[in-house]
Amino acid sequence: MFGQKIIDMRFDVVTLFPDLIKDALDHGITGRAMKENQLTLKTWNPRDFTNNKTGRVDDKPYGGGPGMVMESEPLIKAIKKAKQSSNSSHVVYLSPQGQKFNQKRAEEFLQHRKIILLSGRYEGIDERVIESEVDEICSVGDFVVSGGEIPALLVIDAVCRLEKGVLGDPDSASQDSFSDGLLEFPQYTRPDSNEFGEVPDVLLGGNHSEIAKWRLKESLRRTFKLRPDLLKKKVLTNQEKVLISEIKSEENS
Ligand code: 4H6
């Protein structure tokens, strides 16, 4: 297809559960991107880089305490292999102890083109891996899950859908929630009326500036009600200020 820049993206994921990563991405936007060679995905299993016969990759924490820690050597060997193979060097470790991942970080990751993601299991990884191989620690939110794989999948999906060639419609990413710091306005499709309710009249009328104004107002209303923290951060236009004062009086009445 013309008009689309084909720029490769590559993710290398270091994980004890490579199938979890590969199977999850083999659908939708990321699946198509891989088929069309716009996205390369490689996994590296630290278990393949052990010396012991059992393939053990974890051990008890020094200093005592519950759980196990991933050993440094198999992880560092796997990361070094990923670096060689991909010719990339930016290593991101998914951890609840990281800086918060958001839309802005997704856009920055897109600029890197090649990223190595490190997904941990057990109680975490030997700190020496972080000291010698990790460039940044990222958290997808203030909660804990049982491994870094699902957080890695979140990051890969968020970055891939920003790629114009990967996304069907290049406009849809820039119209996403968060690219303008507001939540999305409500969407409707046919029929215009059924047992579950009516589509707002303005959307049926075809007056594009009225529709745009309605959508902006409903975006502002949702953000005001559900995510006031986002509104506080945003620089508002005069039109937006007027709409918000309308919303405030509507919501109070
Ligand atoms: C690093 C350290 C990322 C990674 C500990 C990973 C949430 C996020 C993990 C752990 C993650 C996030 C291992 C601690 C299992 C709990 C993997 N959870 N955990 N918010 N878990 O980005 O036990």
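As the structure is a computational prediction, the values presented were derived from the model and not from experiment.

Visitor: Describe the overall build of the chain, listing the residues and the values that go with them.
Guide: Looking only at helices and strands, one finds 11 helices and nine strands in the chain. A compact globule built from 253 residues should have a C-alpha radius of gyration of about 18 Å, whereas the chain, at 23 Å, is more than 25% larger. Overall, the C-alpha framework of the chain stretches about 70 × 50 × 40 Å when taken along its three principal axes. By the burial criterion, 42% of the 253 residues in the chain qualify as buried. Here the contacts in the chain between residues at least 6 apart in sequence split such that 75% fall between residues at least 24 apart. As presented, the chain carries roughly 15,200 Å² of accessible surface, and 51% of it is formed by carbon and sulfur atoms.

Visitor: Which residues make up the state of the cysteines, and what values do they have?
Guide: On inspection of all chains with the given rule, the structure shows zero disulfides. Unpaired in terms of disulfides, Cys-138 finds its nearest cysteine sulfur in Cys-160, a separation of 15 Å. Taking the relative accessible area as the measure of exposure, Cys-160 reaches 0% and is therefore buried.

Visitor: Outline the sheet that holds strand β1 (residues 9-14), supporting the account with residue identities and numerical values.
Guide: One open sheet accounts for five strands, arranged β2-β1-β6-β5-β7; its pairing is parallel. In the strand order of this sheet, the two ends are held by β2 (39-44) and β7 (136-139), each with one partner. Sheet twist, expressed as the mean angle between neighbouring strand axes with direction ignored, is 35 degrees. Sheet topology note: the β1/strand β6 (residues 114-119) ladder contains five bridges and is parallel. The partner of Asp-12 across the bridge, within β6, is Ile-116. Sitting on the sheet, helix α1 (residues 18-25) is in contact with β1 and β2, with an inclination near 160 degrees to β2.

Visitor: Tell me about the environment of Asp-180, and please be specific about residues and values.
Guide: Topologically, Asp-180 is positioned in the loop between α7 (170-174) and β8 (193-194). For the pair Asp-180 and Glu-133, spaced 47 residues apart in the sequence, the C-alpha separation amounts to 35 Å. Of note is the side chain of Asp-180, whose polar atom sits 3.1 Å from the backbone nitrogen of Leu-182.

Conventions we followed
Residues numbered from 1 in each chain as written. Predicted model: local features only at pLDDT ≥ 70, side-chain atom pairs only at ≥ 80, totals over all residues. Heavy atoms only, no water. Helix = DSSP H or I, 4+ residues; strand = E, 2+ residues; numbered from the N terminus. Rg over C-alpha atoms; globule rule 2.2 N^0.38 Å. Buried < 20%, exposed > 50% of the residue type's maximum accessible area, 1.4 Å probe, protein only. Contact = heavy atoms within 4.5 Å. Areas by Shrake-Rupley, 256 points an atom, 1.4 Å probe, with all protein chains shown as cover. Disulfide = S-S within 2.5 Å. Pairing = 2+ DSSP bridges. Axes fitted to C-alpha atoms, helices over the stretch in contact; angles between N-to-C directions. Polar contact = N/O pair within 3.5 Å; in protein donor to acceptor, adjacent residues only side chain to side chain.

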